[in-house]
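Structural description and commentary
Chain residues, written in single-letter form:
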Amino acid sequence: MLIEIPEVFTAAEAAGMARRLDAAPWVDGKATAGAQSAPDKRNRQLPEDHPLARELGERIVERLTHNAVFVAAGLPKTIFPPLFNRYEGGEAFDYHIDNAVRIVRSRGQRVRTDLSATLFLSEPDTYDGGELVVEDTYGPRSAKLAAGHLLLYPGTSMHKVNPVTRGVRLASFFWIESLVREDSQRTLLLDMDVAIQQLTQTGADRRSLIRLTGVYHNLLRRWADM
């Protein structure tokens, strides 16, 4: 399931981050590519140990831990420290699947990549191309979101970034190890969570809501990987 989370950051906040990133030292993006996908990856990245990467990454994680949609959809157990990439001048990343496990170098921690996330930091009218294309059950789906908006999608998905033929595309990308590793189970829990919230707002019978909420938590208890 693909989930768009709007306004993780305001347009002004995203623009401020983009300005700082624009002046940063960028390196070949193949640094974080697997052996199989490296030939298809043409972009640049901010070194993950760069102070700006750490500062902005911590800011993103802090914001997401207080975002109700992100928490409900991802049920995050661990968030890989956000990375940052830059595409311009025809750069692209052809179809690939992210590695199943990533290692946080600073602490030697392994993170299972149940979910992938892209936080867009450039406004879509400032560059041509650069769409994130994700293959799902119904075929390819394309996303080019407003600055400050985030796309969350299964880490098992085949996906690519189309060539950027004008302007610059800046984004943050990272992975989430979820309490619930199966996408279908997370989808069911999210649908149930949304229904509970909607029924609560309409003043539905309290006893029925308590029972439905109990079902949600019993399923989470059954599926959660602690």
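Described below are features of the structure shown in this document.

The rules behind these values
Per chain, the residues get numbers from 1 upward, laid out in the order the sequence is written. pLDDT decides what is reported in this predicted model: residues at 70 or higher carry local features, side-chain atom pairs at 80 or more are listed and counted, and totals for whole chains, interfaces and linings draw on all residues regardless. The side-chain figures draw on all heavy atoms in the structure; neither hydrogens nor water molecules are used. Counting from the N terminus, the helices are DSSP H or I runs at least four residues long and the strands are E runs at least two residues long. Put simply, the radius of gyration uses C-alpha atoms, and a globule should come to 2.2 Å times the residue count raised to 0.38. Classification of residues uses two cut-offs on accessible area relative to the type maximum, computed with a 1.4 Å probe and protein chains only: under 20% is buried, over 50% is exposed, and between them is partly exposed. Contacts were defined at the residue level, with two residues in contact if any of their heavy atoms lie within 4.5 Å. Note on areas: these come from Shrake-Rupley sampling with a 1.4 Å probe, and a residue is covered only by the protein chains present in the view. Working convention for charge: Lys and Arg count positive, Asp and Glu count negative, and His plus the chain ends are omitted. Charge placement uses NZ in Lys and CZ in Arg. For Asp and Glu, CG and CD serve respectively. Working definition: a ring pair exists when centres of Phe, Tyr or Trp rings (six-membered ring for Trp) sit within 6.5 Å. Plane angles under 30 degrees give stacked, over 60 give edge-to-face, the rest tilted. Buried residues of nine kinds, namely Ala, Val, Leu, Ile, Met, Phe, Trp, Tyr and Cys, make up a nonpolar core once their side-chain atoms join them within 4.5 Å. When DSSP finds two or more bridges between two strands, those strands count as paired. We count a salt bridge whenever a side-chain nitrogen from Lys or Arg sits within 4 Å of a carboxyl oxygen from Asp or Glu.

Below, the discussion takes up the overall build of the protein. Helix and strand content of the protein: five helices and 17 strands. The C-alpha atoms of the protein give 18 Å as radius of gyration, which agrees with the globular expectation for 226 residues (17 Å, within 12%). The principal-axis extents of the C-alpha atoms in the protein amount to approximately 60 × 35 × 35 Å. Across the 226 residues in the protein, those meeting the buried criterion constitute 48%. Here the contacts in the protein between residues at least 6 apart in sequence split such that 77% fall between residues at least 24 apart. For the protein, the computed accessible surface area is about 11400 Å², with 53% contributed by carbon and sulfur atoms. Side-chain charges in the protein split into 28 positive and 29 negative, and the spacing between the mean points of these groups amounts to 5 Å.

This part covers the packing of aromatic side chains. This structure, assessed with the given rule, holds two aromatic pairs. Ring geometry for Phe 80 against Trp 175: centres 5.3 Å apart, planes inclined by 80°, an arrangement best described as edge-to-face. Of this pair, Phe 80 sits in the loop between β5 (76-79) and β6 (83-87) while Trp 175 sits in strand β17 (residues 169-178), placing them 95 residues apart in sequence. We classify Trp 175 as buried; its relative accessible area is 4%. Pairing Phe 173 with Trp 175 gives two aromatic rings, centres 5.7 Å apart and planes at 90°, and the pair type is edge-to-face.

Here we take up the nonpolar core. The biggest cluster of nonpolar side chains holds 32 residues, and the ones touching the most others in it are Leu 21, Phe 84, Leu 150 and Leu 152. Taken together, the elements giving at least two residues each to this core come down to β1 (3-5), α1 (11-22), α2 (51-65), α3 (68-74), β10 (115-120), β14 (150-154) and β17. Element by element, the count of residues in this core is highest for α2, at five residues. Counting residues in each nonpolar core, the second largest holds 13 residues, with Leu 132, Tyr 153, Val 161 and Val 164 among its members.

Another aspect to go through is the sheet that holds strand β13 (residues 139-143). In space, the five strands of this open sheet follow the order β3-β7-β15-β12-β13, with antiparallel pairing throughout. What marks the edges here is a single partner per strand, and that holds for β3 (41-42) and β13. The pairing of strand β12 (residues 132-136) with strand β15 (residues 159-161) spans three bridges and is classified as antiparallel. Looking across to β15, one finds that Val 134 is bridged to His 159.

All chains considered together, the criterion is met by 15 salt bridges. Its salt-bridge partner being Lys 77, residue Glu 177 comes within 3.7 Å of it at the nearest N-O pair. Here the residue Glu 177 occupies a position in strand β17, and Lys 77 occupies one in strand β5, the gap between them amounting to 100 residues. A relative accessible area of 9% means that Glu 177 is categorised as buried.

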